[in-house]
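# An overview of the molecular structure
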Amino acid sequence: MLIAGPDTRVVELRVHGVQGTTPQTLVDAVAAVDVAGDGLGRIVRPADRLRRPAPGPVLQTEGRSTPRVVEGYLWGGMTSGGVAKATWALLFPFSIANVAHWMLPPVPERSLPSHLLGIGLRSLLRVFALLLTALLVAQISVVSLDLLAAQCLRPGTACLTSVPGEVRSFPWFRAFLGLLPIVVVVAVMRRVSHVEWRIERREIADAEQQEKQPSSGLPGAHVATDPDTPALRSLHVVTALAVASLIALGGPLRQLTASGGIGVAVTAAWVASLVLIGLSVLGVLLLDDPTGGAPHRGGRWLRAALSRKPRRVLVVISALLVLTTLGLLEQLPPRVPGADVAVQVVALLMAFVLVLFGLLLVPAALLARGTWRKLPRELRPWAGGWFAAPVLAVAGLLGGGFGAGVALPVRKALGSGLQLPEGYRYITLLWGVAGVLALLSVLAVASFTSAVRWRAFRKGKVWAREASLLHSGRMRDLRAATRAWWWARWERNHGHHMIMVVASVLVLGAVLASLQRLRNVPLASWTDPFSAFGVFVLGMLAVSLLRAVYLAARQPESGRRLGIIADIAQFWPREAHPIVPPCYALKVVPELVTRVQDHLRDPGTRVVLCGHSQGSLLVAVAAARLLEELPAHDRERIGLVTAGSQLQWAYPRAFPAVVPHASLARLAGGLDGRWRALCRGTDPLGGAVMTWRRQVFDGMLLGVGYREDGSEGALAPALRGPTGALVLGGDHWLPDPQRGPFPGRRWRSGVSGHADYTSDPEWDRAVAVAAGLLRVDAPESPALPFARKPETRSRDPLGGS
């Protein structure tokens, strides 16, 4: 531990979690002012009456008061607020497919089968993502080309009577109106995929773009930009435009028939569309190898073939192909059968790729099992490392469901005489069966959970013995805490099971509907209720997303609430699907690193990075980068505090290759005891980070966890802090409801759960320990006085007084 001098001060740099927050809430002040940043990434401090930066409250350490500066980094503007960012929710299936890439199991070193399986899995992921883009274009074509242009605006129909017959018969009018929405959507997607966050310090951005593979083994070491993303983006745009032309020209299985020169031109355009789609698929497969484009390997030609100029040529050719298609369609036929066929063909290809992906993922997960075999069961990856498969299935089925959910209301709005493709009846059956199964599953899970909980409490089984220690002598708080502990533990332990159930239900419904469609079995009358329920489910899906976008335009606060979806998905860089919002971690982490380095130029300053919820992942990655870049004498002046974190129960288990358990152990060892984790048993989203296998024995809290030297093993019994918190290893277990209130401190009554960790007085103590100014095993300071007298009588089953 560094000895504190007279000039020592502590900078507490806070980072918030999902859904954003206000500057005042982040720094615990009635007013806050910006002191750095560019508007998207804002660094704020408390402000005085003249709106000048004000110092924070002093930090009480052993025998002295240390000046403290409280700063907050606000990144919520990157994912929330405004119509443009809310519209990203419509690309949610793309984001899920991109997240699935980062869920793949790790590739063990010197294992050729694992390496080959990893290449194959990443290739299949990118092909699946390309098919998702094609599915979106095909479903838009159903609405714009078939429903609106071909059927509704056909001369002589009673649909949209405000459009005169002369306009309907005007050459190329209906074809132009049908292709225009597709081109606009493709242009918007291309624009979204070009958005990048500007990093405040350019030298940091340049360092992030270097093509080197970090070997530190710290959390988030592989979270970096993919140099192949621009090429991947162009291939998706080319595919989207080629699919639009292919559908307008008859579909993937059969072209439109015409005589003379027009027939030859239609054939040429139809073949050109198939060639462009085939080249895009081939490019996606080859781009997937992360080392294939390296100069010392055989992939130099690939980088050259997909450099900026060739990419522009491909995009221009695909755009000219759409214009050529428009010129060939002087009058649309009464129906556009290519839209229905394209949707079915793309859906079948997606199902094939998904099945192949799931099959290849099984041996890949088994080969990677050696990296986590020795870990306790509660720390191992979800589904044995196979969790990417159900997530990818959810992405595909949501993508198909959203398109059908939009087409059904549009048909109803235009008129009942219009007909959707025959395949949409089976889509409604899919979602109807899935919806019924989901309701039955929810009822079964709820009934089973309630029965287990009722039986446990009826027999007097204590589910939260830690709560009995934390609330000894406070029976009312113990009763409230025990209920909250039970439900929070259930959500943490079974949240991924619910995702597996949802994926299984959707896949089962898809299999039943697909078998009916492939065998061309007419839907029986008993399926009508399921189809009707499917229409309702799809309509609710589409309306809920569109309503969220509308409210974001009228009420900015709704955009912040919508950001919870984007905040989780947008942490990951564009890898599998390029048409997703930009990764905010590539901006937040470098700017946090730069801010810490700026503060460390003062030799008397110590910086503590504090992250809540999703912010804990950001500060952990930032601390890892600092350990890589800082000299040894500066590393001792940084600390880390995480609160309500998912760094044990979620991220290492869902993303075992990016945030593995070994990387957290390495980070804990590098910080040498200056990583403190605040946790509550009542928090359903956050949990312990530094300890596991906890148990209460003889009135003591025991467990296994990280030691200060980075090793793992049994820890000394937990020590009780002056405000009632139990400190086991690096975890500070907070009593919730809080003990107190304490004079001179902000008070929060009731069960706090995942919110407001800074209100607990243990926060200041954790910051002091992380700053190296206080030791947990030092003689206990006197407890803070209570403003009200605590209860003295208790029926604590563990013997608390």
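Along each chain, numbering runs from 1 in the same order as the chain's sequence is written. Under the rules for a predicted model, residues below a pLDDT of 70 receive no local features and side-chain atom pairs below 80 are neither given nor counted, while totals for whole chains, interfaces and linings still include all residues. Side-chain measures were taken over the full set of non-hydrogen atoms in the model, leaving aside hydrogen atoms and water.

This next bit is on the packing of aromatic side chains. Each pair of aromatic rings taken from Phe, Tyr and Trp, with Trp reduced to its six-membered ring, is defined by centres within 6.5 Å and is described as stacked if the planes are under 30 degrees apart, edge-to-face if over 60, and tilted in the remaining cases. For the structure on display, the rule yields 12 aromatic pairs. Ring centres 4.5 Å apart and planes at 15° place the aromatic pair Trp75 and Tyr584 in the stacked group. Of the two residues, Trp75 is situated in the loop between strand 6 (68-74) and helix 2 (83-87) and Tyr584 in the loop between helix 18 (556-569) and helix 19 (585-600); the sequence distance between them amounts to 509 residues. These aromatic residues form a ring-pair network of at least three members: Trp75, Trp102, Phe571, Trp572, Tyr584, Tyr651 and Phe655. Note on criteria: charge over ring means Lys NZ or Arg CZ within 6 Å of the ring centre, with the direction from the centre no more than 35 degrees off the ring normal. Just above the ring of Tyr757 sits the side chain of Arg680; from NZ or CZ to the centre is 4.0 Å. Under the scheme used here, helices are H or I runs from DSSP no shorter than 4 residues and strands are E runs no shorter than 2 residues, and both carry numbers assigned from the N terminus.

This paragraph deals with the pattern of salt bridges. Oppositely charged side chains can pair when the atoms bearing their charge come close. A pair is scored as a salt bridge if a Lys or Arg side-chain nitrogen falls within 4 Å of a carboxyl oxygen belonging to Asp or Glu. Following the criterion strictly, the structure yields 21 salt bridges and no others. The salt bridge involving Arg746 is made with Asp28; its shortest N-O contact spans 3.2 Å. Of the two residues, Arg746 is situated in the loop between strand 15 (731-733) and helix 24 (762-770) and Asp28 in the loop between helix 1 (23-26) and strand 2 (32-37); the sequence distance between them amounts to 718 residues. For each residue, the accessible area found with a 1.4 Å probe, counting protein chains only, is set against the maximum for its type, and the residue is called buried under 20%, exposed over 50%, and partly exposed in between. The class of Arg746 is partly exposed, set by a relative accessible area of 41%. A single network of salt bridges, built from pairs that share partners, joins Glu12, Arg14, Asp28, Arg68, Arg746, Arg748, Asp756 and Asp764.

As a further point, take the state of the cysteines. A pair of cysteine sulfur atoms is labelled a disulfide when the two atoms are within 2.5 Å. Applying the stated criterion across every chain yields a total of 1 disulfide. A disulfide bridge connects Cys152 with Cys159, and the sulfur atoms are separated by 1.9 Å. Measuring handedness by torsion sign, the sulfur bridge of Cys152 and Cys159 sits at about -80° and is left-handed. The exposure class of Cys159 is buried, given its relative accessible area of 7%.

Glancing now at the sheet that holds strand 2. Strand order in the open sheet formed by 10 strands is 2-3-6-1-7-8-9-15-14-13, with mixed pairing between adjacent strands. The sheet is open, and its two edges are formed by strand 2 and strand 13 (719-720), each paired on a single side. In short, DSSP must find at least two bridges between two strands for them to pair.

This next bit is on the nonpolar core. The criterion is simple. A nonpolar core is a set of buried Ala, Val, Leu, Ile, Met, Phe, Trp, Tyr and Cys residues joined through side-chain atoms within 4.5 Å. If you look at the biggest cluster of nonpolar residues, it comprises 170 residues, and the most contacted ones within it are Phe357, Leu667 and Trp675. Here this core gets 22 residues from one element, more than from any other, and that element is helix 4 (residues 112-152). In this analysis, two residues are considered to be in contact whenever any of their non-hydrogen atoms come within 4.5 Å of each other. Contacts of Trp675, omitting those with residues within four sequence positions, involve Leu640, Thr642, Leu647, Leu664, Leu667, Ala668, Val689, Met690 and Gly730. Val608, Val641, Trp763 and Val776 belong to the second-largest nonpolar core, a separate cluster that totals 21 residues.

Moving on, we come to the confidence of the model for the protein. On average, residues of the protein carry a pLDDT of 83, and 87% of them reach 70 or more. Across residues 201-214 the pLDDT falls below 50, and counting only partners more than four positions away or on other chains, this stretch makes 15 contacts in the model. Residue-level confidence of the predictor, termed pLDDT, takes values from 0 up to 100. Segment residues 290-298 is flagged for pLDDT under 50; beyond a separation of four residues in sequence, or across chains, it makes 10 contacts in the model.

Here we take up the pairing of strand 8 (residues 638-643). Of all the 6 residues making up strand 8, 6 are buried; the element is thus mostly covered by neighbouring parts of the structure. Burial of the side chains of strand 8 extends over both faces: Ile638, Leu640 and Thr642 are buried on one face and Gly639, Val641 and Ala643 on the other. Relative to strand 8, strand 7 (residues 605-612) is paired through 6 bridges, and the arrangement is parallel. Across the sheet, the residue bridging to Val608 is Gly639, located in strand 8.

Surface patches are drawn from residues lacking salt bridges whose relative accessible area is over 30%; two like charges belong together within 9 Å, two nonpolar side chains (Val, Leu, Ile, Met, Phe, Trp, Tyr) within 5 Å. Areas reported as accessible are Shrake-Rupley estimates using a 1.4 Å probe. Residue values count occlusion only from the protein chains shown. Together, Val271, Val275, Leu279, Leu282 and Leu286 make up a nonpolar patch on the protein surface, roughly 400 Å² of accessible area in all. With respect to the secondary-structure elements, Leu279 resides in helix 9 (residues 260-287).

A few words on a positive patch on the surface. A residue counts as positive if it is Lys or Arg and as negative if it is Asp or Glu; His and the chain ends are not included. Taken as the charge centre is NZ of Lys, CZ of Arg, CG of Asp or CD of Glu, depending on the residue. Taken together, the side chains of Arg190, Arg308, Lys309 and Arg312 present a region of like positive charge at the surface. Among the elements that line the positive patch, the one with the most residues is helix 11 (residues 308-328), at 3 residues. Structurally, the position occupied by Arg308 is in helix 11.

The subject of this paragraph is helix 8 (residues 229-248). Here a helix's expected span is defined as the number of its residues, less one, multiplied by 1.5 Å. For helix 8, which comprises 20 residues, the first-to-last C-alpha distance of 29 Å matches the rise-based estimate of 28 Å (1.5 Å per residue) to within 8%. Burial analysis of helix 8 places 19 of its 20 residues in the buried class, the great majority of the element. Among the residues trailing helix 8, Gly250 stands out with phi positive, at a value near 130°.

On the surface, a cluster of negative charge is contributed by Glu636, Asp672, Glu708 and Asp709. Looking at where Asp672 falls in the secondary structure, it is placed in the loop between helix 23 (661-671) and strand 9 (675-679).

Residue Pro737 is bonded to the preceding Asp736 through a cis peptide linkage, with omega at 10°. Locating Pro737 in the fold gives a position in the loop between strand 15 and helix 24. In this structure, Arg51 takes a positive phi of about 55° despite not being glycine. The phi dihedral of Arg110 falls on the positive side, at around 60°, and the residue is not glycine. If you trace the backbone, Arg110 turns up in the loop between helix 3 (92-102) and helix 4.

Looking at the secondary structure, you find Arg637 in the loop between helix 21 (632-635) and strand 8. A residue is classified by how much of its surface remains accessible, and Arg637, at 8% relative accessible area, is buried. Counted as a polar contact is a pair of N or O atoms within 3.5 Å, where, for protein atoms, one must be capable of donating a hydrogen and the other of accepting one, and residues adjacent in sequence contribute only when both atoms are in side chains. Of the polar contacts made by the side chain of Arg637, one reaches the backbone oxygen of Thr605; its length is 2.8 Å. Within the structure, the side chain of Arg637 is placed 2.7 Å from the side chain of Asp634, a separation counted as a polar contact. Not counting chain neighbours up to four residues away, the residues in contact with Arg637 comprise Leu2, Leu600, Asp602, Pro603, Gly604, Thr605, Arg606 and Val607.

Take the sheet that holds strand 12 (residues 712-714) next. Across the sheet, which stays open at both edges, the 3 strands sit in the order 10-11-12 with antiparallel pairing between neighbours. Only two strands of the sheet have a single neighbouring strand rather than two, namely strand 10 (691-697) and strand 12. The average angle at which neighbouring strand axes cross in this sheet is 15°, direction not considered. For strand 10 and strand 11 (residues 700-706), the ladder comprises 5 bridges, and the chain directions are antiparallel. Residue pairing in the sheet places Val696 in a bridge with Leu701 of strand 11. Interaxial angle, 0 to 180 degrees, is taken between N-to-C directions of lines fitted to C-alpha atoms, where a helix line uses only the stretch in contact. Strand contacts of helix 23: strand 10, strand 11 and strand 12, with the helix running at about 100° to strand 11, the strand carrying the most contacts.

We now examine the environment of Gly156. Along the chain, the position of Gly156 falls in the loop between helix 4 and helix 5 (165-168). Along the sequence, Gly156 and Ser169 sit 13 residues apart, while their C-alpha atoms lie 9.8 Å from each other.

Mapped onto the secondary structure, Pro67 falls in the loop between strand 5 (64-66) and strand 6. Pro67 gets classed as partly exposed once you look at its relative accessible area, which sits at 43%. Placed 59 residues apart in sequence, Pro67 and Thr8 show a C-alpha to C-alpha distance of 7.5 Å.

On to the side chain of Arg739. In this fold, Arg739 is placed in the loop between strand 15 and helix 24. It is Asp477 that comes nearest to the buried, bridge-free Arg739 among opposite-charge side chains, at 6.8 Å. Side-chain polar atoms of Arg739 contact the backbone oxygen of Leu470, separated by 3.0 Å.

With that settled, the discussion passes to the environment of Pro590. Inspection of the secondary structure assignment puts Pro590 in helix 19. On the basis of relative accessibility, which here comes to 3%, the residue Pro590 falls in the buried class. For the pair Pro590 and Leu626, spaced 36 residues apart in sequence, the C-alpha separation works out to 9.8 Å.

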